[in-house]
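# Close look at the chain arrangement
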Amino acid sequence: RRQLSEGEHPGVTLFRQYLRIRTVQPEPKYDEAVLFLEKIAKDLGLECQKVEVAPGRVVTILTWQGTDPSLRSLVLNSHTDVVPVFEEHWNHDPFEAFKDTQGNIYARGAQDMKCVGIQYLEAVRRLKAEGKCFPRTIHLTFVPDEETGGHQGMELFVKRPEFQALRAGFALDEGLASPTETFTVFYSERSPWWLHVTSSGN
Ligand SMILES: [Zn+2]
């Protein structure tokens, strides 16, 4: 069922279209997401590259070339899959992207993290429309399988020559929602520090 989108910001309409694609674990409809992204790439005049890192697991890369190819690129990453739902606990179908009169949009993936993927795209759309261009190339990477550990997604992609060819200098990815006006940023510098703690209970 389609919601009326008359008078709606095109970015919001696009967001809701993306939310309706059932990229839900454990059998995400990735093909539909890839087609959706390819169409957007065409609309925005971005290059589109697909890298199948495992059977049925495609990383989609949308590229906006910078003016100085000697510089390393900016990578705007997001994952296309979402965690499962217990539909009986939802007030609205989690894949309908219902928008209430206050403007709240209900969907699995609305926060984690289809919002971010669309924000990247809309930011690029606006900047391009304003005639902006930047020295650094910007790559928007859309990866499968993050919610199951990325073993069939980013973990394989970073070992691929296509990833090396991006010449990534800096990357953004998801944060967390905040109930206040303070926003969460995960920060990391030099090399990330992962500490494993084993607790035996009692
Ligand atoms: Zn996420």
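Residues numbered from 1 in each chain as written. Predicted model: local features only at pLDDT ≥ 70, side-chain atom pairs only at ≥ 80, totals over all residues. Heavy atoms only, no water.

Perfect tetrahedral coordination of a metal by four donors corresponds to 109.5 degrees between them, and perfect octahedral coordination by six donors corresponds to 90 or 180 degrees. Protein ligation of the zinc ion involves His79 (NE2), Asp112 (OD), Glu174 (OE) and Glu174 (OE), the donor distances falling in the range 1.8 to 2.7 Å. Sequence spacing of the donor residues for the zinc ion, all on one chain, is H-x32-D-x61-E. You can see His79 sitting in strand 3 (residues 73-79) and its partner Asp112 sitting in the loop between strand 5 (105-106) and helix 3 (114-129), a full 33 residues away along the chain. Residue Asp112 is classed as partly exposed on the basis of its relative accessible area of 34%. (Donors = N, O, S within 2.8 Å, 3.2 Å for Na, K, Ca; no water. Helix = DSSP H or I, 4+ residues; strand = E, 2+ residues; numbered from the N terminus. Buried < 20%, exposed > 50% of the residue type's maximum accessible area, 1.4 Å probe, protein only.)

What follows is about the packing of aromatic side chains. Aromatic ring pairs are reported here in terms of the distance separating the ring centres and the angle at which the planes meet. This model, assessed by the stated rule, comprises four aromatic pairs. When the centroid spacing of 5.2 Å and the interplanar angle of 15° are considered together, the rings of Tyr18 and Phe36 count as stacked. Of the two residues, Tyr18 is situated in helix 1 (residues 10-19) and Phe36 in helix 2 (residues 30-44); the sequence distance between them amounts to 18 residues. The same class applies to Tyr18 and to Phe36, which are both buried. Plain terms: the ring middles of Trp64 and Phe134 are 5.8 Å apart, the flat faces sit at 80° to each other, and that makes the pair edge-to-face. With a gap of 70 residues between them, Trp64 in strand 2 (residues 57-64) and Phe134 in the loop between helix 3 and strand 6 (138-143) connect regions that are remote in the sequence. Exposure remark for Phe134: the relative accessible area of 29% places this residue in the partly exposed category. (Phe/Tyr/Trp six-rings, centres within 6.5 Å; stacked < 30°, edge-to-face > 60°.)

This part covers the environment of Gly117. Here Gly117 shows up in helix 3. Each C-alpha atom, one on Gly117 and one on Leu71, is 24 Å from the other, the two residues being 46 residues apart in sequence. If near-sequence neighbours (up to four positions away) are discounted, Gly117 is found in contact with Ser78 and Phe142. (Contact = heavy atoms within 4.5 Å.)

Moving on: the pattern of salt bridges. Within the structure shown, the criterion is met by eight salt bridges. Glu8 is the partner of Lys99 in a salt bridge, and the nearest nitrogen-oxygen pair spans 2.7 Å. Here Glu8 lies in the segment before helix 1 and Lys99 lies in strand 4 (residues 98-99), a separation of 91 residues in the sequence. You can call Lys99 partly exposed: its relative accessible area is 29%. Taking relative accessible area as the criterion, Glu8 reaches 11% and is therefore assigned buried. Between Arg57 and Asp145 there is a salt bridge, and its shortest N-O distance comes to 2.9 Å. Taken together, the residues Arg57 in strand 2 and Asp145 in the loop between strand 6 and helix 4 (154-157) connect sequence positions 88 residues apart. Exposure class is identical for Arg57 and Asp145. Each is buried. (Salt bridge = Lys/Arg side-chain N within 4 Å of Asp/Glu carboxyl O.)

Worth remembering: the numbers are spatial, not functional.
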